[in-house]
Amino acid sequence: MTSLTHDGFHRSRPASELRIALAGGAQNQRDAVKELIAQVREVDSEITDLGEHPAGYENDPDLALLIWLLDPTDHNMWTAGLRSMTSTRSICPTIALLPKRSPHFMQAALRAGFDDVLTFPPTSEDILRTLLRVSEARRKAQSLSDNQICSLVSVCGGQGISSLTVWLGFALQRILGKRTVLVDLDLQAASLSVLLDLDPEHTIAELADPTSPIDSIRLESVLSKHDESPALLAAPKRIEEAELVSATAVEASLKVLHDLFDAVLIDCGRYLNESSVVAFEHSDHVLYVLDQSITAVRAAQRFLCLYDNLGLQHRPQLIVNRYRSKDVVTLRSIEEALQLPIYATVPYDETTFKQMQTVGRDFWHLSYATNVRRSCETLARKLFAPEAEKAPATKPNLLSRLFGIAR
Ligand SMILES: Nc1ncnc2c1ncn2[C@@H]1O[C@H](COP(=O)(O)OP(=O)(O)OP(=O)(O)O)[C@@H](O)[C@H]1O
Ligand SMILES: [Mg+2]
């Protein structure tokens, strides 16, 4: 529903509402445009009438569209007028409305900096197309900024990073419907392709050539994909190719993957290097995986110490894998030792994880994997859909509620 206001932008409104400013022209002309905008049912909008001479207007960073009815006799002032309205505001599309169709003034309006030109009165189709275009562009920009990168790391080997990267990837792709890509930065071990049961034709090694830029076409051509599984940017086929992959190539690849996918999950392996630091830098989440052993806790302390020195934006989030509620090393003692809360746990489940290595991609459907599947789903929601976290898709069964498996 559209609401018309004349008193500024200060009342609360839904985030999806388009905030439109109308300027210039006579009152009855602005009213006619408001009426046309109000008839567009497909887009919620709120209009602020800035009057005939919008001098002194307070810039609004959330303004989605500015429509200005131009007076051709003032055409020398258009550039300065537009600049004064848009100089300190984040850029929003600007539409010039001209009293008649004149190529000369259309060109002048575009040169003054308007993004598009329409003639007054605009048709309802003109207005519909304009509003839809603006609202779609905003939706796209919003969804791009929702895309996230998540790194999984552990400096103590064998903690389950590769397995959890794959489980989490499946939960994101299959339950949350997120377009997901896994990146294998454990360049020597290359475990992800094994766990996904893929024999990648192309690998990250093909992105090593620094002379050609890494764009979406080049990147998509080296991804491996099978049906409903997450896509994979695989580690090199041979160990000796690993050193060809520079941190610069990793950084450029992550930037492109971030635009292409809703979720990017990186298996950083156990050995930290320049590429892992680049991955952390670009990550919205860094998951440090450990089990309930003294050696794993000690290694985590060493990692956190280094991580602090790197001065990165996000604190790592602790994932306790192979979790057993009766273990002598309790969650609380881990939290105390690391001075960090535990973000999630994944239960110990030898059968499921053993089977995972033999059944390949079908592991997701293993009947006895319910608890692991559920804890990975909970983790996926917590990381990528926090607003939905409180409403998991599947109902916990009696056993898991009794044992309090998902944290
Ligand atoms: N929750 C779990 N319960 C039981 N076994 C598990 C669990 N998580 C992982 N494992 C098993 O632990 C072993 C190590 O797992 P994985 O290879 O995923 O760890 P990693 O951290 O990637 O190891 P690496 O340091 O060698 O790369 C595998 O055999 C895996 O099946
Ligand atoms: Mg691994």
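Preceding this paragraph is the structure being described.
Keep in mind that what you see is a predicted model, and the values were worked out from it rather than measured.

J.: Can you help me understand the environment of Gly169 in this one?
T.: Tracing the backbone through its elements, the reader meets Gly169 in helix α5 (residues 161-175). Sequence spacing of Gly169 and Val181 is twelve residues, and the spatial spacing of their C-alpha atoms is 7.4 Å.

J.: Where do I start with the site of ligand 1 in this structure?
T.: Around ligand 1, a shell composed of 20 residues is seen, among which Gly157, Gly160, Ser162, Ser163 and Phe353 lie nearest. Only α5, β12 (317-323) and α12 (350-359) provide two or more residues apiece to the shell around ligand 1. Take the shell around ligand 1: its biggest share by element is three residues, from α5. Among the residues making up the shell around ligand 1, the classes are represented as five nonpolar, ten polar and five charged.

J.: Even after reading the chapter, I still don't get the pairing of strand β6 (residues 116-119), so can you show me in this structure?
T.: On any regular strand, side chains alternate: one points to one face of the sheet, the next to the other face. In this sheet, β6 lies alongside strand β5 (residues 94-98) in parallel orientation, the contact comprising four bridges. Each residue of the ladder has a partner; that of Leu98, found in β6, is Thr119. Note that the unit made of β5, helix α3 (residues 103-112) and β6 has a crossover that is right-handed.

J.: So what exactly am I meant to see when it comes to the sheet that holds strand β10 (residues 263-267) here?
T.: Pairing is parallel across the open sheet formed by seven strands, whose spatial order is β9-β8-β10-β7-β11-β12-β13. Of all strands in the sheet, those bounded by a partner on one side alone are β9 (231-233) and β13 (342-347). If you compare each strand with its neighbour and ignore which way they point, the axes differ by 25° on average. Bridge count for strand β7 (residues 148-153) against β10 is five bridges, and the pairing is parallel. Within β10, the residue paired with Ser151 across the bridge is Ile266. With respect to the sheet, helix α13 (residues 370-384) is in contact with β7, β10, β11 (285-290) and β13, its orientation differing from that of β13 by roughly 160°.

J.: Mind showing me how you'd approach helix α8 (residues 247-260) here?
T.: Helical periodicity: at 3.6 residues per turn, an α-helix aligns residues three or four positions apart in one direction. Its 14 residues place the ends of α8 20 Å apart at the C-alpha level, agreeing with the 20 Å of an ideal helix rising 1.5 Å per residue. Against β7, β8 (180-184), α7 (216-221), β9, β10 and α9 (274-281) lie the buried residues of α8.

J.: Sorry, what's going on with the environment of Leu223 here?
T.: Along the polypeptide, Leu223 turns up in the loop between α7 and β9. Classification of Leu223 by C-beta neighbours within 10 Å gives buried; the count is 21. For the pair Leu223 and Leu233, spaced ten residues apart in sequence, the C-alpha separation works out to 5.0 Å. What Leu223 contacts, discounting residues up to four positions off in sequence, is Val181, Ala231, Leu232 and Leu233.

J.: When you look at the packing of helix α10 (residues 294-310) against helix α11 (residues 331-338) in this model, what are you seeing that I'm missing?
T.: Helix packing geometry: the angle between the two helix axes and the distance between the axes. Their axes nearest at 10 Å, the elements α10 and α11 cross at an angle of 30°. The handedness of the crossing between α10 and α11 is right-handed. Across the interface between the two elements, Val297, Ala300, Gln301 and Leu304 from α10 touch Ile334, Ala337 and Leu338 from α11. Here the contact of α10 with α11 is built from residues that sort into six nonpolar, one polar and no charged.

J.: Mind showing me how you'd approach unusual backbone geometry here?
T.: When glycine is set aside, most residues are seen to have a negative phi, and most peptide bonds are trans. Put simply, Phe120 and Pro121 share a cis peptide bond, and its omega is -5°. Note on placement: Pro121 falls in the loop between β6 and α4 (124-146). Backbone geometry places Ala190, a non-glycine residue, at a positive phi of 50°. Mapped onto the secondary structure, Ala190 falls in the loop between β8 and α6 (191-195). Even without glycine at this site, Asp197 takes up a positive phi of about 60°.

J.: Even after reading the chapter, I still don't get the packing of α5 against α13, so can you show me in this structure?
T.: In the contact formed by α5 and α13, the axes pass within 9 Å of each other and the chain directions differ by 70°. For the element pair α5 / α13, the angle class is roughly perpendicular. Of α13, the residues touching α5 (which contributes Trp167, Leu168, Ala171, Leu172 and Ile175) are Val372, Cys376, Glu377, Leu379, Ala380 and Phe384. Residues of the contact of α5 with α13, tallied by class, amount to ten nonpolar, no polar and one charged.

J.: Looking at this structure, how should I read the nonpolar core?
T.: Within soluble globular proteins, side chains that are nonpolar generally end up buried alongside one another. Counting 73 residues, the largest nonpolar core has Leu152, Leu168, Val181, Val264, Ile266, Tyr288 and Ile319 as the members making the most contacts within it. For Leu152, the contacting residues outside a window of four places in its chain are Ile161, Leu164, Thr165, Leu265, Ile266, Asp267, Cys268, Leu287 and Val289. Counting 34 residues, the second largest nonpolar core, distinct from the first, contains Trp78, Met85, Ile127 and Val134.

J.: Which parts of the structure should I look at to understand the environment of Val153?
T.: Tracing the sequence through the fold places Val153 in strand β7. C-beta crowding within 10 Å serves as the criterion here: with 26 such atoms nearby, Val153 is assigned to the buried category. Excluding residues that lie within four positions of it along the chain, Val153 makes contacts with Ile161, Cys268, Ser276, Val286 and Tyr288.

J.: How should α3 be read in this particular structure?
T.: Burial in α3 covers these residues: Ala108, Ala109 and Ala112. Looking straight down α3, one finds that the buried residues subtend no more than 100° of arc, so they occupy a single side. Summarising the geometry of α3, the exposed residues directed more than 90 degrees from the buried face are Pro103, Gln107 and Arg111. Of the residues trailing α3, Gly113 is marked for its positive phi of about 120°.

J.: Before we go on, may I ask you to explain the pairing of β13 in this structure?
T.: Note that β12 and β13 share four bridges and pair parallel. Paired with Ile319 across the two strands is Ala344, which belongs to β13. Assessed by its sense of winding, the connection that carries the chain from β12 through α11 to β13 is right-handed.

Conventions adopted
Note that residues are indexed from 1 along each chain, following the sequence as it is written. As they are written, the chains are lettered A onward and the ligands numbered 1 onward, keeping that order. pLDDT decides what is reported in this predicted model: residues at 70 or higher carry local features, side-chain atom pairs at 80 or more are listed and counted, and totals for whole chains, interfaces and linings draw on all residues regardless. Helix and strand assignments follow DSSP, with helices taken as H or I runs no shorter than four residues and strands as E runs no shorter than two, numbered in order from the N terminus. Proximity of a residue to a molecule or strand is defined by its backbone-placed C-beta atom lying within 6 Å of that partner. In the scheme used here, Gly and all other residues not listed as nonpolar or charged are polar, with Ala, Val, Leu, Ile, Met, Phe, Trp, Tyr, Cys and Pro taken as nonpolar and Asp, Glu, Lys and Arg as charged. For two strands to be treated as a pair, DSSP must find no fewer than two bridges joining them. With its strands directed away from the observer, a crossover is right-handed exactly when the path from the first strand over the helix to the second travels clockwise. Under this scheme, a helix contributes an axis fitted over its contacting stretch, all axes are lines through C-alpha atoms, and angles between N-to-C directions fall in the 0 to 180 degree range. Contact between residues is assigned whenever the C-beta positions, reconstructed from backbone atoms, fall within 7 Å. Helix span is expected to be 1.5 Å times the residue number reduced by one. Partly exposed residues are those whose C-beta has more than 12 but fewer than 20 other C-beta atoms within 10 Å; 20 or more makes a residue buried and 12 or fewer makes it exposed, with C-beta atoms placed from the backbone. Working rule for handedness: look at the near helix, and if it is turned counterclockwise from the far one by less than a right angle, call the crossing left-handed; if clockwise, right-handed. Each angle gets one of four labels, with under 35 degrees taken as roughly parallel, over 145 as roughly antiparallel, 65 to 115 as roughly perpendicular, and the rest as oblique. By definition, a nonpolar core groups buried Ala, Val, Leu, Ile, Met, Phe, Trp, Tyr and Cys residues that are joined through C-beta atoms within 7 Å. Taken from the helix axis, the directions to the C-beta atoms give the arc we talk about.

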